[in-house]
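Here's the letter readout for the chains.
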Amino acid sequence: RAINEWGDGEALAAHAGYGNDLFCTEDSGGDLGEKSILHPTHRAWLSGTHGVTLVTVAEMAERLAAP
């Protein structure tokens, strides 16, 4: 579990470091619940503090289809 969470954190950090504003995932933390960086309770913080918004595949598709 710790390695999974480390990987999630590294992926999010890379997105922030490269200036990507969207992180597409269907992961919401799984077994770790609120302890996971990907849990929905952390999403406002990730967006406000680091400028990374988590979106699902469906939300990404909607954004890409918008004019």
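In case you missed it, the structure is sitting above this.
Please read these numbers as outputs of a predicted model, since none were measured by experiment. (Residues numbered from 1 in each chain as written. Predicted model: local features only at pLDDT ≥ 70, side-chain atom pairs only at ≥ 80, totals over all residues. Heavy atoms only, no water.)

### A look at the overall build of the protein
Condition: What counts as a helix is a DSSP run of H or I of at least four residues, what counts as a strand is a run of E of at least two, and both are numbered from the N terminus. Each radius of gyration is computed over the set of C-alpha atoms, and the globule rule expresses the reference value as 2.2 Å times the number of residues to the power 0.38. Exposure is judged per residue with a 1.4 Å probe applied to protein chains only, and the accessible area is read against the type maximum: over 50% gives exposed, under 20% gives buried, and values in between give partly exposed. Using the Shrake-Rupley algorithm and a 1.4 Å probe, accessible areas are obtained, with residue cover drawn only from the displayed protein chains. Asp and Glu count as negative and Lys and Arg as positive, but His and the ends of the chain are not part of the count. A single reference atom marks each charge: NZ on Lys, CZ on Arg, CG on Asp, CD on Glu.
Across its full length, the protein holds three helices and two strands. Scanning the protein from its N terminus toward the C terminus, one meets helices and strands in the order α-β-α-β-α. Taking 2.2 N^0.38 as the reference for a compact globule, 67 residues should give roughly 11 Å; the C-alpha atoms of the protein span a radius of gyration of 12 Å, in line with that estimate. The principal-axis extents of the C-alpha atoms in the protein amount to approximately 40 × 25 × 20 Å. Here the protein, with 67 residues, has 21% of them falling under the buried criterion. As displayed, the protein has an accessible area near 4,600 Å², and 56% of this comes from carbon and sulfur atoms. Computing the positive centroid from 4 side-chain charges and the negative centroid from 10, the protein places the two 5 Å apart.

### Comments concerning the side chain of Thr25
Applied cut-off: A contact between two residues is defined here by any heavy atoms of the two lying within 4.5 Å.
Looking at where Thr25 falls in the secondary structure, it is placed in the loop between β1 (22-24) and α2 (43-50). Apart from the residues within four sequence positions on either side, Thr25 is in contact with Leu54, Val55 and Thr56.

### Some words on the side chain of His39
The line we're drawing: Counting of polar contacts relies on pairs of N or O atoms within 3.5 Å, with two restrictions inside protein: one atom must be capable of donating a hydrogen and the other of accepting it, and residues adjacent in sequence are counted only when both atoms are side-chain atoms.
Topologically, His39 is positioned in the loop between β1 and α2. Within the structure, His39 has its side chain in polar contact with the side chain of Thr41 (distance 3.0 Å). Look past the residues within four positions of His39 in its chain and what remains in contact with it is Ser28, Gly29, Gly33 and Glu34.

### Some words on helix α1 (residues 2-17)
This is how the line gets drawn: By this rule the span expected of a helix is its residue count minus one, scaled by 1.5 Å. Arc, as used here, means the arc of the directions from the helix axis to the C-beta atoms.
With 16 residues, α1 should cover 22 Å at 1.5 Å per step; its first-to-last C-alpha distance of 22 Å lies within 8% of that length. Looking at α1, one finds that the buried residues are Glu5, Asp8 and Leu12. Buried residues along α1 cover an arc of 60 degrees about the axis, so they all sit on one side. Residues of α1 that are exposed and point over 90 degrees away from its buried face: Ala2, Ile3, Trp6 and Gly17. Structurally, α1 contributes buried residues whose contacts are with β1, α2 and β2 (53-55). Where α1 terminates, the next one or two residues include Gly19, which has phi positive at roughly 80 degrees.

### Overview of the environment of Gly30
Along the chain, Gly30 falls in the loop between β1 and α2. A residue is classified by how much of its surface remains accessible, and Gly30, at 58% relative accessible area, is exposed. When the C-alpha atoms of Gly30 and Gly48 are compared, they prove to be 23 Å apart, with 18 residues separating the residues in sequence.

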